[in-house]
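Architecture at a glance
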Amino acid sequence: MGIFERFKQGLKKSRGALFGRLGHLFSSNRLDDSVYEEMEEAFLAADMGMETSLQVVERVRRLARENKIQQPSELPPLMAQALTEALEKVDPTPSVAADGPTLVLVVGVNGAGKTTSIGKLAHYYKSQGKKVLLAAGDTFRAAATEQLVAWGERVGCDVVRHVAGADPAAVVYDAIQAAKSRKVDFILCDTAGRLQNKDHLMKELAKIYKVASRELPGSPHEVLLVLDGTTGQNAISQAKVFREVVQVSGIVLTKLDGTAKGGVVLPIVQELGIPVKWVGLGESKEDLQPFSARAFAESLCEEE
Amino acid sequence: MFEALSSSLQKALSKLRSKGKLTEEDVALAMREVRLALLAADVNVKVIKQFVDRVRERAVGVDVQNSLTPGQQVVKIVYEELTELMGGEQAKIKMAAKPPTVIMLVGLQGAGKTTTIAKLALSFKQHEHRPLLIAADVYRPAAIQQLEVLGTQIDVPVFQLGQSQLPKEIVRQGLRAAQAQGADIVLVDTAGRLHIDEDLMKELEDIQSLAEPDEVLLVVDAMTGQDAVHVAETFHQRLSLTGVILTKLDGDARGGAALTIRSATGCPIKYVGLGEKIEPLQPFHPDRMASRILGMGDVLSLIERAEQTVDMEKAREMEQKMRNASFTLDDFREMFQQVRNLGPLDQIMKMIPGMNKMKGLENVDLGDKRFLRMDAIITSMTKEERANPDVMNASRRRRVAMGSGTTVREVNQVLNQFEQTRQMMKKFSGIGKKMGRRNALSALKSLGMDGGIPNLQDELGKLPLSAEGSNFPKSRRHHKKKKK
């Protein structure tokens, strides 16, 4: 199965839900305002937010006019096109260090799926023949380190860890030293979940960032914000605040194998210009895929 | 309450000045704003539709009270309807006639089940119950260890059989262990799962039919978006939920999922979780949730807290002083101590409408250390200096800095801040009568009059809270200019 198909397969449920809403619309044979109103509502129901939903609907309306479309059934490809355009403004290619180890810092709110995403990311890079080291930077939550260690065993890579309650910046420091001596390609740093309005925790994160950039110049090469695909408009606030503190360079959108559509990434891409780089589509270690705007958009809008 | 409406709403409605009955036009205009507010809060679109229709029906033709504008009147109705929709009787945990009471927690991955179960156990423990936790999450790596660590923290036993047994078997044996240990509450931690995962949902049904729980509680992340409706509906269909626990409400999400879930399932929200620290769960307040969803901030909670902690007698005295402008450093110190008593500043700021969206606030150091230092500086002064700060010459400033372990610069800052506050007090005095009730809030604002807070003065002026004193923003800006 190619990446594209796999991606679509994982998103089947999301597609079902959005298309289910619109199915009856496209079967009607009059293209009037009520169709666009329903379309707007479907976008809203995908967590795209008011402003972005309106923009995308407007774009579809214009595309329909330009292409002289008469039938609602011809709309889905245009919707996919509009969504793709909105998402393609930014480059989703993962960043890597020009030479030496690439340090990836993974951040996000509690329960977004950071540790699991790191496990899957480690598997992805391992399967590409890279040497991966994990840093157990969540020293706060009970058994978070154990969870990462379990992933390390499952995937087959080393984990740098400290005791519970240790300074996460120190864990990252040690991981960088270890990576240098072991000739590692990727350092994936886990961090504790933190809500973006907790000032002291955001400061802790800033410190981790600072230590990383000092010990390994040019790093973190990638700062991934993990967003739960079921999250609503609060995700925008998360992206804003995390970007300000640690210069988020990409988003990992998780839990898209459910019925949630993760549409909130559209306003994030639109307003903040942060690209989605990875998508979590399931429980197994293979279920993290590079993001493709077209596959994502088409999955949401097109029939089987 | 109603002077504290979200500012967009206020702006849209300020044009309406008609008296008498609410017209269809009044209501329609207000409803558009309400719809936007609810959307921004992640209330499900269908739920919004139903809700707005219902409110519209009720609102048209209602008499506008003298004290309110038509817009405010509509929002009052919206607020009441929201509160009612999420409320009803205070929902408590149903206890089994014959112990143990079995409670099962279910939900999506990452909703906060394990943390919540520890908090729930702690709440029961504090009420002289003997809870037992059953670790039935055999899928997520280290989930069992997490529960064990938490169990040790709160001194509650955890039953587990490792990851190799079936969850159903773990629960079966766990219940037997509960009988043997004389536990009267059994809390079952289940693995997070997608509501569309047929196998895992079946597993939950199996556990349910075996354990016959008195409560099946759905744990939901307050940040959940539109999909909350699917999740709640499916879990409810499969397991006949008895209630909901809303977690991560200490974040800045508006929590519209609460309303969505309530209307989709009819299940009451029994508790809310605030933070990762293991402390007892908080009861759910529909009225506060309603104002949070509408973006009015949790003003009620703040006022309540202020009433509890701010000494009313002192507040009145302070008010008097403000009006006479006989405000001294001692009063200044007392004022910020009262504010400190309200709780951690970042939490307080969050509760004030508009504050959470304020520009520049993220740069503000809300650490309580600043207060400690200010306290040290003021207490290092002599009585005379405190009563009359004008005598503070360079030598005195140096002495105070040494005495308080700070620098002359910091002493100067405190004195400047005090002077600014005093200046502002004079301006306040014209509308002093209104100050008493919201003394804490005003005090809080004046504390923010610190050079390190860009835009705060302007932004505060825009806060709906101070909207009634329309001369506020003007006088503040004026003041700022003078400083330059």
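None of the values given here were measured: they were computed from a predicted structure.

1. Remarks on the overall build of chain A
A count of helices and strands for chain A gives twelve helices and eight strands. When each of the 304 residues of chain A is scored for burial, the buried share is 61%. Per element, the accessible surface of chain A, about 11,500 Å² overall, is 49% carbon and sulfur.

2. What about the pattern of salt bridges?
Residue and element names in this part refer to chain B. Following the criterion strictly, the structure yields 32 salt bridges over all chains and no others. Taking the shortest distance from any N to any O, the salt bridge between Glu81 and Arg58 comes out at 3.0 Å. Here Arg58 lies in helix α3 (residues 45-59) and Glu81 lies in helix α4 (residues 70-86), a separation of 23 residues in the sequence. On the basis of relative accessible area, Glu81 is assigned to the buried category, the value being 6%. One continuous salt-bridge network, built from bridges that share partners, spans Arg54, Arg58, Glu80 and Glu81.

3. Let's talk about the sheet that holds strand β6 (residues 243-247) of chain B
Residue and element names in this part refer to chain B. In spatial order, the strands read β3-β2-β4-β1-β5-β6-β7-β8; together these eight strands make up an open sheet with mixed pairing. The outermost strands of the open sheet, each flanked by one partner alone, are β3 (158-159) and β8 (282-283). Relative to strand β4 (residues 185-190), strand β1 (residues 101-106) runs parallel, the two being bridged by five bridges. Residue pairing in the sheet places Val102 in a bridge with Val186 of β4. Packed on one face of the sheet, helix α8 (residues 198-211) meets β1, β4 and β5 (215-221) and runs near 175 degrees to β1.

4. Some remarks on helix α5 (residues 113-126) of chain B
Residue and element names in this part refer to chain B. Compared with the 20 Å implied by 1.5 Å per residue over 14 residues, the 20 Å span of α5 between its first and last C-alpha is a close match. Where burial is concerned, most of α5 is hidden: twelve out of the 14 residues are buried. All of the buried residues in α5 are Lys113, Thr114, Thr115, Thr116, Ile117, Ala118, Lys119, Leu120, Ala121, Leu122, Ser123 and Phe124. After α5 finishes, the residue Glu128 shows a positive phi value of roughly 65 degrees.

5. A look at the UniProt feature "domain: SRP54-type proteins GTP-binding" (unreviewed entry) in chain B
Residues annotated in UniProt with the feature "domain: SRP54-type proteins GTP-binding" (unreviewed entry) correspond here to residues 268-281 of chain B. Overall, residues 268-281 of chain B shows 0% helix and 29% strand. The separation of its end C-alpha atoms is 15 Å.

6. Quick look at unusual backbone geometry
Residue Pro220(A) is reached from Ser219(A) by a cis peptide bond, and omega for that bond is -10 degrees. With omega at 0 degrees, the peptide bond leading from Pro99(B) into Pro100(B) counts as cis. Within the secondary structure, Pro100(B) sits in the loop between α4 and β1. The backbone of Gln247(A) shows a phi angle near 50 degrees, a positive value even though the residue is not glycine.

7. Structural notes on the sheet that holds strand β7 (residues 276-280) of chain A
Residues and elements named next belong to chain A. The strand order across the open sheet formed by eight strands is β3-β2-β4-β1-β5-β6-β7-β8, and the pairing between neighbours is mixed. Single-partner strands in this sheet number two, and they are β3 (158-160) and β8 (288-290). Between one strand axis and the next, the sheet turns through 25 degrees on average, direction left out of account. The sheet contact formed by strand β2 (residues 132-135) and β3 spans three bridges and is parallel. The residue of β3 that forms the bridge with Leu133 is Asp158. Of the strands in this sheet, β1 (102-107), β2, β3 and β4 (186-189) are in contact with helix α8 (residues 168-182), which crosses β2 at around 165 degrees.

8. As for the interface of chain B and chain A
Each partner contributes residues to the interface: chain B has 39 residues there, and chain A has 43 residues. Together chain B and chain A conceal approximately 3,400 Å² of surface at their shared face, both sides included; 54% is due to carbon and sulfur atoms. When the area that chain B buries against chain A is broken down by residue, the three leading residues are Pro141(B), Met223(B) and Glu276(B), summing to 18%. Our count for the chain B to chain A interface comes out at two salt bridges. Close ionic contact of Lys198(A) with Asp250(B) constitutes a salt bridge, the shortest N to O distance being 3.2 Å. Our enumeration of links across chain B and chain A arrives at 18 residue pairs in polar contact (both at pLDDT 80 or more). Secondary-structure elements contributing two or more residues to the side of chain B that touches chain A are α2 (24-40), α3, α6 (143-154) and α15 (345-351) of chain B. Each residue belonging to the side of chain B that touches chain A can be placed in one class, and the counts come to 15 nonpolar, ten polar and 14 charged.

9. Re the packing of aromatic side chains
Residues and elements named next belong to chain A. By the definition in use, this model includes six aromatic pairs over all chains. Pairing Tyr124 with Tyr125 gives two aromatic rings, centres 5.5 Å apart and planes at 80 degrees, and the pair type is edge-to-face. Given the relative accessible area of 7%, Tyr125 is considered buried. Summarising the aromatic geometry, the rings of Phe291 and Phe296 are spaced 5.4 Å apart at their centres and angled 55 degrees between planes, so their arrangement reads as tilted. The burial state of Phe291 is the same as that of Phe296; both residues are buried. Three or more aromatic residues link up through ring pairs in this structure, and these residues are Tyr124, Tyr125, Phe186 and Trp278. Here the basic side chain of Arg61 rests over the ring of Tyr36, its NZ or CZ set 4.5 Å away from the ring centre. One residue, Arg154, lies across the ring of Trp151, its end atom 4.4 Å from the ring centre.

10. Concerning the pairing of β1(B)
Regular strands place side chains that alternate from one sheet face to the opposite one. Residue and element names in this part refer to chain B. With six of its six residues buried, β1 lies for the most part within the structure. Taking every second residue as pointing to the same face, both faces of β1 are buried, with Thr101, Ile103 and Leu105 on one and Val102, Met104 and Val106 on the other. Direction of pairing for β1 relative to β5: parallel, over a ladder of four bridges. Looking across to β5, one finds that Met104 is bridged to Val216.

What counts and what doesn't
Residues numbered from 1 in each chain as written. Chains lettered and ligands numbered in written order. Predicted model: local features only at pLDDT ≥ 70, side-chain atom pairs only at ≥ 80, totals over all residues. Heavy atoms only, no water. Helix = DSSP H or I, 4+ residues; strand = E, 2+ residues; numbered from the N terminus. Buried < 20%, exposed > 50% of the residue type's maximum accessible area, 1.4 Å probe, protein only. Areas by Shrake-Rupley, 256 points an atom, 1.4 Å probe, with all protein chains shown as cover. Salt bridge = Lys/Arg side-chain N within 4 Å of Asp/Glu carboxyl O. Pairing = 2+ DSSP bridges. Contact = heavy atoms within 4.5 Å. Axes fitted to C-alpha atoms, helices over the stretch in contact; angles between N-to-C directions. Expected span 1.5 Å × (residues − 1). UniProt positions renumbered as here; feature names shortened; annotations may be inferred. Buried area = accessible area lost by both parts, 1.4 Å probe. Polar contact = N/O pair within 3.5 Å; in protein donor to acceptor, adjacent residues only side chain to side chain. Nonpolar A, V, L, I, M, F, W, Y, C, P; charged D, E, K, R; others polar. Phe/Tyr/Trp six-rings, centres within 6.5 Å; stacked < 30°, edge-to-face > 60°. Lys NZ or Arg CZ within 6 Å of the ring centre and 35° of its normal.

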